[in-house]
Amino acid sequence: MATFLYKLGRLAFRRRHFVALIWVALLTLAGVGAASAPTAGSSSFSIPGTEAQKAFDLLEQRFPGMSADGATARVVFKAPSGEKMADKDNKAAVEKTVKALGDGSEVTSVTDPFKAKAVSKDGSVAYASVKYKVSGMELQDSSKDALKEAAQDARASGLTVEVGGDALTATPETGSSEVIGIAIAAVVLVITFGSLIAAGLPLLTALIGVGIGVSTITALANALDLGTTTSTLAMMIGLAVGIDYALFIVSRYRAELAEGREREEAAGRAVGTAGSAVVFAGLTVVIALVGLSVVNIPMLTKMGVAAAGTVAIAVLIALTMIPALLGYAGRKVQPAGQKSKLLGGGRAAKKAGKPNMGTRWASFVVRRPLAVLLLGVVGLGAAALPASSLELGLPDDGSQPVSTTQRRAYDLLSDGFGPGFNGPLMVVVDAKASDDPKGAATEVSDKIKDLKGVVTVTPAAFNKAGDTATITVIPKSKPSSVKTEDLVHGIRDAGGDIKADTDATVLVTGTTAMNIDFSQKLNDALIPYLALVVGLAFLLLIVVFRSILVPLKAALGFLLSVMAALGAVVAVFQWGWLSSLFGVEETGPIMSMMPIFMVGVVFGLAMDYEVFLVTRMREAYVHGEKPSQAIVTGFKHGARVVTAAAVIMIAVFSGFIGSSESMIKMIGFGLAIAVFFDAFLVRMAIVPAVLALLGKKAWWLPKWLDRALPNVDVEGEGLRALDAQRKKDEDDDRELARV
């Protein structure tokens, strides 16, 4: 592989005009496609194989036009202090609002609070339910605006009016902190390279790669049902890896220049060596992201595949566009250790004989490996402790900031009717096989009323055929509570007895039940997903490092860092530690997808640093250095760059903490803290300590396996053979010339 990439790098350097033209053309094509594509909202939400989804599908068949998965809105009214909702003026204002709400083209039904008995016992609060034909993700802006205007008109009458439900689903905003993250990355690159030109190359190529990836996602969003969260995730990961991959190749290019090689040769060698590490690092990230498809949740699969595509683009750009741009830059990119004229007057850096920080740190770890290992493991273990109290769930309106109308509507309903009114359960009775459908529905209602934690059970509403009924159940507890989850399981358990007695099937659905099933499916998929991703990456790393223990150590180190990161997420978003610092207004359960998502993404990113750092050690070891010296050599050449790459990635991920979307905020924080733990504690401390303790055993591989594995030549041994052959040819030419 090193020889192929070496030739590719030299070709891109020589044919830089052609390479640059191709990438600019791709960016333009993707941009035109994105600009001309129809607007798409967030992707639709479905969970194949779950009871809640089966119930939704059944309702679509038996209740045509009902739009079971259509958006809902609850317009909550509160009378002024000392008044009742039934007072003449207040009642007139509510009826006027209900009429206005029913005029929308996408509205299927609006309930009058006074006819539906949706007025609190003390008479101070009432609510109108609005049902739409399409989901909140597909709802037109005109319908949302009409909903807001109706609420505003009602406020003019003196009522307190708030709107809850998924009809007001908003596009997440990341805020200016994302730009700050990129700015920090630029500063780190300038400090690392001591050159504005060299620092600008990784930023430029990363932005081009993300531009192509996100524009392609936008262009295909409507056709493939890709939502805004998909493009945000692709941007987050694409920026981070795009900058890092380019950083490693530019850094290796400068090191090759410092050894006296010509620029084209240096570009070829940089792509042949660092580029090999980029390919395998990118492969681990792609495996982790595409592996999300095993969960069998379409939304998660699309997010993973789209982000993986952006990572693949980042790898291709690093291998081709970076050497092309290095050709354009010429002598403006200085050899390693030399400052540019603008930043350092063109002077050389410190004396070559003085060890750098990476060398000094690695030498310390090699002398005290056990102490460093114990300190690192204990520190990460302490950070992981909060993860033992991890509570999973999906955010509802109760987790919204108190400044939003959704949160205020949630609180008004809780105060007036009880917290369970914010998460009603829909029980579907499929009585097609029953001899007495109405009797079966009555038995279901009676059984549910006897269950603990039930406030209200509405009468069964049958379809036209009379073979299917819906029953609404109001729990006592809030939607995201364990008690509500127990109630859902209790209804489903009772359904088994009812089926035996009446041949009627009982299914529980609704947003709350869907969230519970979603969480359960993610929990069930976590272990198989972890085994698949870690197993594939383990095999890949065996091929790269030609070792059993090094990949095993890499996987165990990843588990430490991801558990510590989950602990930090629990401490901030569930316990509320330093919550104000990160803009977390409401604490609560951690999103159900967070553990499996962090396992996938963090594993891929963690292996980046493992590959970049350890391949340099492997290269030194293969070329004859002792194991302890190879560790120091790896840090001498790689520690500064890995540190810069980690700081850049942390800065990029931290930029998304400013998002208005709680999921994006949590993901940004989780990935940033995970990179910090993995890069600085695992890869920079625990990894060299373990390698120092193992010595030569770290690079042990059974002979039969060594013969069976393909030789991918990440160390660049093929380039040395190429050098030797070239030198021999030159000697032969000189000998012939002398003769």
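Starting from 1, residues in each chain are numbered consecutively following that chain's sequence as written. Since the coordinates come from a predicted model, pLDDT governs what is reported: local features require at least 70, and pairs of side-chain atoms require 80 or more to be given and counted, while whole-chain, interface and lining totals use all residues. To obtain the side-chain values, all non-hydrogen atoms of the structure were used and water was disregarded.

**Q** Explain the overall build of the chain to me, please; I cannot follow it from the model alone.
**A** In DSSP terms, a helix is any run of H or I states spanning at least four residues, a strand is any run of E spanning at least two, and both are numbered starting from the N terminus. A count of helical and extended segments in the chain gives 23 helices and 11 strands. Scored against the burial criterion, the 739 residues of the chain give a buried share of 54%. In what follows, a contact means two residues having at least one pair of non-hydrogen atoms within 4.5 Å. Contacts in the chain between residues far apart in sequence, at least 24 positions, make up 79% of those at least 6 positions apart. Residue exposure ignores everything except the shown protein chains as possible cover, and the areas themselves are Shrake-Rupley values with a 1.4 Å probe. As displayed, the chain has an accessible area near 31800 Å², and 60% of this comes from carbon and sulfur atoms. Counting 72 positive and 67 negative side-chain charges, the chain places the centres of these two groups 11 Å from one another. Accessibility here uses a 1.4 Å probe with only protein chains present; expressed as a share of the type maximum, an area under 20% marks a residue as buried, one over 50% as exposed, and anything in between as partly exposed. Lys and Arg are tallied as positive, Asp and Glu as negative. Neither His nor the chain termini are counted. One atom stands in for each charge, and that atom is NZ of Lys, CZ of Arg, CG of Asp or CD of Glu.

**Q** Would you mind showing me how to read the packing of helix H15 (residues 437-449) against helix H16 (residues 482-502) here?
**A** How two helices sit against one another is set out by the angle between their axes and by the gap between those axes. Axis definition: a line fit to C-alpha positions, over the contact stretch in the case of helices; interaxial angles, taken between N-to-C directions, run 0 to 180 degrees. Running from amino to carboxyl end, H15 crosses H16 at an angle of 145 degrees, the nearest separation of the two axes being 10 Å. At the point where H15 passes H16, the crossing takes the right-handed sense. Contacts from Ala440, Glu443, Val444, Lys447 and Ile448 in H15 reach Ile491, Asp497, Ile498, Asp501 and Thr502 in H16. The residue makeup of the contact of H15 with H16, split by class, is five nonpolar, one polar and four charged. In this scheme the handedness of a crossing depends on how the near helix is turned from the far one: anticlockwise by less than a right angle means left-handed, clockwise means right-handed. Side-chain classes follow a simple rule in which Ala, Val, Leu, Ile, Met, Phe, Trp, Tyr, Cys and Pro form the nonpolar group, Asp, Glu, Lys and Arg form the charged group, and the remainder, Gly included, forms the polar group.

**Q** How should a negative patch on the surface be read in this particular structure?
**A** Think of a patch as exposed residues, more than 30% relative accessible area, with no salt bridge, where like charges cluster within 9 Å and nonpolar side chains (Val, Leu, Ile, Met, Phe, Trp, Tyr) cluster within 5 Å. For salt bridges, the criterion is a side-chain nitrogen of Lys or Arg within 4 Å of an Asp or Glu carboxyl oxygen. Together, Asp141, Asp145, Glu149 and Asp153 line one region of the surface with negative charge. With respect to the helices and strands, Asp153 occurs in helix H5 (residues 141-155). A relative accessible area of 57% places Asp153 in the exposed class.

**Q** Would you mind going over the sheet that holds strand S4 (residues 160-164) with me for this structure?
**A** Strand pairing within a sheet occurs via backbone hydrogen bonds; the two strands may be parallel or antiparallel. Spatially, S2-S3-S1-S4 is the arrangement adopted by the four strands of the open sheet, whose pairing is antiparallel. Sheet topology places strand S2 (107-110) and S4 at the edges, where each strand pairs with a single neighbour. Averaged over neighbouring strand pairs, the angle between their axes works out to 20 degrees when direction is ignored. Pairing between two strands is assigned when DSSP locates at least 2 bridges connecting them. Examined bridge by bridge, strand S1 (residues 72-78) and strand S3 (residues 125-132) share seven bridges and lie antiparallel to one another. Its bridge partner lying in S3, Val76 is registered against Tyr127. Taken strand by strand, helix H14 (residues 405-417) contacts S1, S3 and S4, and its axis lies near 110 degrees from that of S4.

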